[in-house]
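Take a look at the letters that make up each chain.
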Amino acid sequence: MSGRIPVTVVSGFLGSGKTTLLNRLLAPADAGPAQAQAAAPIVVIVNELGAVGLDHAWVRHIGDRIVLLESGCICCSVRGELVGALRDLFLAALHRKMPAFSRVVIETTGIADPAPIIYTLKYERFLSDRYAYDGCISVVDGVHGAQQLRQEPVAVQQAVLADALVISKTDLAAVDTVAALERSLRALNPGAPQYLAQDAPGLPDLLRAGSLRAGVAGLQSRRGLWDGLRGGSAARGLPAAHGDIEVLTMASDAAVRRPAFIKAISALLADSGVELLRVKGMLWFEGDSHASAVHAVHRQLYPMEPMETHARAAQSPGASVLVLIFRAAAGPLMPDKVAQLLPGAQLSLSSGRNFAQ
Ligand SMILES: Nc1nc2c(ncn2[C@@H]2O[C@H](COP(=O)(O)OP(=O)(O)OP(=O)(O)O)[C@@H](O)[C@H]2O)c(=O)[nH]1
């Protein structure tokens, strides 16, 4: 492989639509596809919370060129794993154990501060000699984005450090809500072009060589903006700790009864004693020929869709997984509160405090 390989970071708060955007950017059918125009394939690295990874099952158009970094957040504990993964990829391609690739896209967890990831890409010696940081695309939730910018320091950090901002879910959000969000984002990061996920003509070009480069050059000044806004380095430490977040992973081999699940998830989403940030799962419902993808963001449940890649004939049914990300205050109560979601499931609870260890 010749020249340094560009690396794009895709960031955005929990459930904002990172994987959905990635699927669009990688889709061969989309106008001006990065994948089809690339000299060699793109490799995707997905980092996610929870004891069992799910996102890799939802990224399409990439075959086996996907690497999963599990059980921790890339901006703290998994940073070493990221360096290792990028090193392994480079060496595998160099020694022709895998085809050469033209770009790496890293999808971070929704609670990741992009700053340490960008820093690692730019200054870790092995990486910076072989890879070129090529910008950060941050996805902002068109429905929940304004609230997240008010309440979540890491959501502000993700917006401030973006070279391009993509506002998702504009089909679900009111026009005024989207307009207000655009203004907030412009105030936070005036230099970043904004795209609407639904109809943006330039969107498919975001992974094209150099398309974010002007933004990359502006990174230093945006760091300054962030310092001014949040009170400098002490505040910068905040998002990486994730101390107030817990992740509960449920796994069950038993077929799931759809009506009982819908009743239980509706009750959980309505429970004011639990501050849910994100629910995602791959469930095998009784009698279905495919597994179903389950998504909720804050208290909003999205339509459950069959996963084409997970058909009953090809995969033995039963390995249902549900990941719940919530504020730690509800932690001790959670096993009781989730018992009806997947009766008899194995539970694994991890705390954001431990992601940094
Ligand atoms: N209607 C609509 N739904 C969307 C849009 N973007 C994402 N979604 C839905 O929002 C849910 C979460 O989307 P994902 O792409 O999984 O979000 P994510 O940011 O990758 O999630 P995490 O990795 O858990 O942080 C899914 O149900 C998506 O189908 C959009 O533009 N419109």
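Residues numbered from 1 in each chain as written. Predicted model: local features only at pLDDT ≥ 70, side-chain atom pairs only at ≥ 80, totals over all residues. Heavy atoms only, no water.

Per UniProt, the protein chain carries the Function (unreviewed entry) text "Zinc chaperone that directly transfers zinc cofactor to target proteins, thereby activating them. Zinc is transferred from the CXCC motif in the GTPase domain to the zinc binding site in target proteins in a process requiring GTP hydrolysis." Quoted verbatim from the Catalytic activity (unreviewed entry) field of UniProt, the annotation for the protein chain is "GTP + H2O = GDP + phosphate + H(+)". (UniProt positions renumbered as here; feature names shortened; annotations may be inferred.)

Turning to the confidence of the model for the protein chain, a few remarks are in order. Summary statistics for the protein chain give a mean pLDDT of 82 and a share of 79% for residues scoring 70 or more. Ranking the elements of the protein chain by mean pLDDT puts helix 11 (residues 233-241) last with 41 and helix 12 (residues 258-270) first with 96. (pLDDT = per-residue confidence, 0-100. Helix = DSSP H or I, 4+ residues; strand = E, 2+ residues; numbered from the N terminus.)

It is worth spelling out the environment of Asp-244 at this point. Take Asp-244: it is sitting in the loop between helix 11 and strand 8 (245-252). Residues Asp-244 and Asp-113 lie 131 residues apart in sequence; the distance between their C-alpha atoms is 15 Å. What Asp-244 contacts, discounting residues up to four positions off in sequence, is Phe-326, Arg-327 and Ala-328. A polar contact is formed between the side chain of Asp-244 and the side chain of Arg-327, at a distance of 2.8 Å. (Contact = heavy atoms within 4.5 Å. Polar contact = N/O pair within 3.5 Å; in protein donor to acceptor, adjacent residues only side chain to side chain.)

Summarising burial for strand 4 (residues 103-107): 5 of the 5 residues are buried, a large majority. Bridge analysis of strand 2 (residues 42-48) against strand 4 gives 5 bridges, and the strand direction is parallel. Across the sheet, Ile-45 pairs through a bridge with Ile-106, a residue of strand 4. (Buried < 20%, exposed > 50% of the residue type's maximum accessible area, 1.4 Å probe, protein only. Pairing = 2+ DSSP bridges.)

Bringing the packing of aromatic side chains into the picture now. Summed over all chains, the structure comprises 4 aromatic pairs. Ring plane angle 90° and centroid distance 6.2 Å describe the contact between Phe-90 and Phe-126, whose orientation is recorded as edge-to-face. Taken together, the residues Phe-90 in helix 3 (residues 79-94) and Phe-126 in helix 5 (residues 125-130) connect sequence positions 36 residues apart. Judged by its relative accessible area of 10%, Phe-90 falls in the buried class. An aromatic cluster of three or more residues is present, and its members are Phe-90, Phe-126 and Tyr-131. The ring of Phe-285 carries Arg-258 above its face, with NZ or CZ at 4.3 Å from the centroid. (Phe/Tyr/Trp six-rings, centres within 6.5 Å; stacked < 30°, edge-to-face > 60°. Lys NZ or Arg CZ within 6 Å of the ring centre and 35° of its normal.)

This paragraph deals with the domain arrangement of the protein chain. The assigned domain composition of the protein chain is domain 1 (5-239) and domain 2 (245-355). At the interface, 24 residues of domain 1 touch 23 residues of domain 2. The junction of domain 1 with domain 2 conceals about 1,900 Å² of combined surface from both sides, 68% of it contributed by carbon and sulfur atoms. In this assembly, domain 1 and domain 2 are joined by 2 salt bridges. In this structure, Lys-280 and Glu-48 form a salt bridge, with 3.5 Å as the shortest nitrogen-oxygen distance. Counting every contact that joins domain 1 to domain 2 gives 5 residue pairs in polar contact (both at pLDDT 80 or more). Across the side of domain 1 that touches domain 2, the residue classes tally to 12 nonpolar, 7 polar and 5 charged. (Domains from an automatic or database assignment. Buried area = accessible area lost by both parts, 1.4 Å probe. Salt bridge = Lys/Arg side-chain N within 4 Å of Asp/Glu carboxyl O. Nonpolar A, V, L, I, M, F, W, Y, C, P; charged D, E, K, R; others polar.)

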